[in-house]
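Listed below, chain by chain, are the residues.
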Amino acid sequence: MSDAEDKREQINYISVDSAPKRFAGPVSEWQAPKMLALFTTLAAAQLWLVNTDLVSGVFPNRDYVFSLHSGRHAIAIRIFLISFFVAFAAFSSGGIRERTLFALDMVLTFLAGCAVFDLANATAHHVLGSSFSLHFSAIASGLFGFAVYSFKLLERGFMPARIRIEHIPVSQMRAILRLGLTIAVAAAIAIWAGGMKLHAVEVMRSWTLLGGIGPGVFLFLPVLFAQLYLLAIYDVLTAKKRKFNPPVSVIVPAHNESYIIRDTINAMDRAAAHYGGEVHILIMNNNSTDDTEEIARETLTACKAAKGRVINVPKPGKSNALNAGLDACETEFLVRVDADTLVGEDNFSRAMPYFTDPAVGVVGGVPVPPGGALFDRARLLEVLVKHGFYSVAMGAVNGVVGIPGMFVVYRSHHPRYLGGFVEGMNGEDTDISLRIGELGFHSVVDPKIRYISEVPSSYSHMREQRMRWFRSIYHISSRCRDLIYGPNLTLRGKVILPYMLINSARRAMLVPLIIFGGLEWGLAFNENTPIVWQSIVAVTTGAPAIMAVAASLLNGVPRGIIALPEYLIFRVLRAYFTLESMLSILIDVKAEDLERVIRLDLVPDKPIRVA
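Here the residue numbering is sequential within each chain, running from 1 through the sequence in written order. A pLDDT threshold of at least 70 governs which residues receive local features in this predicted model, and a stricter bar of 80 or more applies before side-chain atom pairs are shown or counted, although totals over entire chains, interfaces and linings include all residues. To get the side-chain values, take all heavy atoms of the structure and skip hydrogens and water.

*Asks:* Which parts of the structure should I look at to understand the overall build of the protein chain?
*Replies:* In DSSP terms, a helix is any run of H or I states spanning at least four residues, a strand is any run of E spanning at least two, and both are numbered starting from the N terminus. Counting its secondary structure elements, the protein chain contains 24 helices and eight strands. Relative to all contacts within the protein chain whose residues are 6 or more apart in sequence, the contacts with residues 24 or more apart total 84%. The contact rule is simple, with two residues in contact once any of their heavy atoms fall within 4.5 Å.

Here it is in C-alpha cells:
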C-alpha cells in the first residue's frame, strides 16, 4: 500500500457539520437492520392475510385496493408502503408519541389518497364501463406514497427555518421551448416502444418490479435527459469563451487536512500558472488540531504562480470558514475549493471565460476519484452519471439546482448579497447555488472541467459522508420552501425540488422494496402475481445500468463501464445509507402548520446565515 493510500485509510471524518445537533440525532448501525426486520415481519403478515380465503374476497387484487381494476400487478405496492411507513416511524428519531403520530399521519394520508383514487376508478367503471389498469394504479400509488413519505418527513422533522427567497424573473421562453420539445420527443419514442408487439418487449414489461412498468415508461427519462444533454453540450461548444483571466480569490476551508493540504495548494499553484491571472489562495484553517496550518504556510511560501495566506477560523464549522473567507475576499470572483480537492491544471482557465456572459452566475465541473481505494471505481461511474450527465443536461433548461462545493466559481457579490453561506445545516453549497439561480443567473456545469476529489476509503467514512449528503435535500427544501409552496412558477421550485424529495424517498425505500419483492416471490402467497426472480434483480439494474454506460461513453471514459457491477452494488449501499440518513432526522410531536409554510408574511425574523 502506498503512503497516499495508507493516509486515506486513516481518515475518519467527523465534524460539527456531520450531523447538525438541532436537526439530526445519532443512528446506531443496528437501527436500520432492526427497522428492516420489523418491516419484513409486517409485510409478510399482511401478504399472508390478504391471500387468505376470508380477506381475499374483500381484496381480490391481493392488495389494499378498494375498487376493481383490470389486469394484475407485479407487487402489492400499498401493503409495501404501509409496512414501510409503520416500520420507519417506529425506528425514527423521536419519542413514542412522536413516532406514533408520525406513523398515523403517513398511513392515514396515504389510505385517504388511495381511497379517492379508487373512488374515481369505481366512478369511471360505473359511468364509462371501463376501469384503470392495476398497473397504472400501482404506479400512481407508488408515486403518491413516495410523496407522502417525503413531505410528511419534511413537515414533522425538525428542519431549518424557512427564509424569504428573492426571485428575479427572467425570460424562460428558450428553456420552456426546449423542455416542451424534448418531452414531446421522449413521449413519442416511449409510446412507440411501448406499442411494439415484440416478444422481448413483453418480457421486459413482465420483469420490471414496480407495477410491471413496460419499456415505454422505462425509456422516457433516459431519452429526455439524452436530448437535454446534447443541447447543453451544444451550449458549451458555442459559448463565447474568449480568454478572460481577472484576479480571483480561492477560499479553502480546512479542518485537519495535513495529509493532503500540500498537494491541494500545489495543484492550485499549477492551475494559477496555466491561468495567467492573479490567484490569491486563502486557506481557512478551521479549528484544526493537527499541523495543517504549518504545512499550508510553508507550501504557500513556496508557490511560484499563486499568492496566499492562512487565516485562522477558531469557530468550528465549514460555513464559518467559508464566510470568513468571503469577508476576506478582495476580488470580483471567488473560487471555492475543498481542502481534499486537487484542481486540474486548466480548471481556472476553462471556468473563468464563462463569466464574460453577464447572465452566468455559477460555474462548476465534474469531480473524479483519485483511484485505488475501495469505492473509487463505483464513485467514478456515480459522478459521470450525476455530474457529468444529469447536471450537464439540466443546464440546457437553466434547471441546475446545486453545484458541489468541491470546486465552484461565483461572482463574489452574489454570496455577499444573499447573506453568505448558511451555518448549522447540511447542503450550504446547494443552498447558495440555488438562490443565485433564483436571482436570474445561469449555472454552468462544464464536463471538461475535471478535478480530483477525495473519496472515503472506509465504510464508516462513506456512511458519515452519505448520511450528511442525503439529509441535505430536506434541509434545502425546508429552508427554500418558498420555491415549492410560493406563487413563483420556477422550474427548480415546482418541479426539480419536489422531484428530488420524491427521488430521495424512492432511494430510501429501495432496500425494503428488494426485500418485499423477495417475499412476494419466495412465499408465493398469490399464485396470480407475475413477479419472478428477474424482477428483484431488475429493480437494482435496468435504467441505472443503461445510464451509467451512456454517461461513461459520452464523457469519454469508457473504462468506467468495467466498474458497472461495483456501481450497481454501490447503488444499493447508497440506498441503505439514505435510509439511515432519513432515520437520523429528529421528529417533532406536531406537524408544521401549513398556513405558516404558505403565507409569505410569516417568514421567521432571524439572521439569514443561521439555519
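Having seen the structure, we can now continue with the description.
*Asks:* Looking at this structure, I do not really get the sheet that holds strand β1 (residues 248–254). What am I missing?
*Replies:* Within a sheet, each strand pairs with its neighbour through backbone hydrogen bonds, oriented either parallel or antiparallel. DSSP bridges decide pairing: two strands pair if at least two such bridges lie between them. In space, the eight strands of this open sheet follow the order β3-β2-β1-β4-β7-β6-β8-β5, with mixed pairing throughout. Taken across any chain shown, the strands that pair with only one partner, and hence form the sheet edges, are β3 (307–313) and β5 (341–342). Strands β1, β2 (279–286) and β3 of the sheet are contacted by helix α11 (residues 292–301), whose axis makes an angle of about 165° with β3. Interaxial angles span 0 to 180 degrees and are taken between N-to-C directions of axes, which are lines fitted to C-alpha atoms, for helices over the stretch in contact.

*Asks:* Teacher, can you tell me more about the pattern of salt bridges here?
*Replies:* Should the charged atoms of two oppositely charged side chains come close, the side chains can pair. When a carboxyl oxygen of Asp or Glu lies within 4 Å of a side-chain nitrogen of Lys or Arg, that pair is called a salt bridge. This structure, assessed with the given rule, holds 22 salt bridges. Ionic pairing is found between Asp-235 and Arg-178, a salt bridge with its closest N-O pair at 2.8 Å. Of the two residues, Asp-235 is situated in helix α9 (residues 215–238) and Arg-178 in helix α7 (residues 173–194); the sequence distance between them amounts to 57 residues. Each of the two residues, Asp-235 as well as Arg-178, counts as buried. In this structure, Glu-428 engages Arg-336 in a salt bridge whose closest nitrogen and oxygen atoms are separated by 2.7 Å. Exposed residues in this analysis have more than 50% of their type's maximum accessible area, buried residues have under 20%, and partly exposed residues fall in between, with area computed by a 1.4 Å probe over protein chains only.

*Asks:* Would you mind showing me how to read the nonpolar core here?
*Replies:* In a soluble, globular protein the nonpolar side chains are often hidden away together inside. Residues belong to a common nonpolar core when they are buried Ala, Val, Leu, Ile, Met, Phe, Trp, Tyr or Cys residues joined through side-chain atoms within 4.5 Å. Counting 128 residues, the largest nonpolar core has Phe-85, Phe-88, Tyr-149 and Tyr-474 as its most contacted members. Among the nonpolar cores identified, the runner-up in size contains 39 residues, and Val-248, Ala-296, Cys-303 and Val-409 belong to it.

*Asks:* Hey, could you run me through the side chain of Arg-435 in this one?
*Replies:* Tracing the chain through its elements places Arg-435 in helix α16 (residues 428–438). Here a polar contact means two N or O atoms within 3.5 Å. Within protein one must be a hydrogen donor candidate and the other an acceptor candidate, and residues neighboring in sequence count only if both atoms are side-chain atoms. A polar contact is formed between the side chain of Arg-435 and the side chain of Asp-431, at a distance of 3.1 Å. Not counting chain neighbours up to four residues away, the residues in contact with Arg-435 comprise Ile-163, Ile-165, Leu-418, Gly-420, Arg-479, Cys-480 and Ile-608.

*Asks:* Help me out: how do you make sense of helix α2 (residues 31–50) in this one?
*Replies:* The α-helix winds at 3.6 residues per turn, so residues separated by three or four positions along the chain end up facing the same way. Counted at 1.5 Å a residue, the expected span for α2 with its 20 residues is 28 Å, and the 29 Å between its end C-alpha atoms agrees. All of the buried residues along α2 are Gln-31, Ala-32, Met-35, Leu-36, Phe-39, Ala-43, Gln-46, Leu-47 and Val-50. Considered in projection along α2, the buried side chains sweep an arc of 120° and stay on one side of the axis. Here a helix's expected span is defined as the number of its residues, less one, multiplied by 1.5 Å. Directions drawn from the helix axis to the C-beta atoms are what define this arc.

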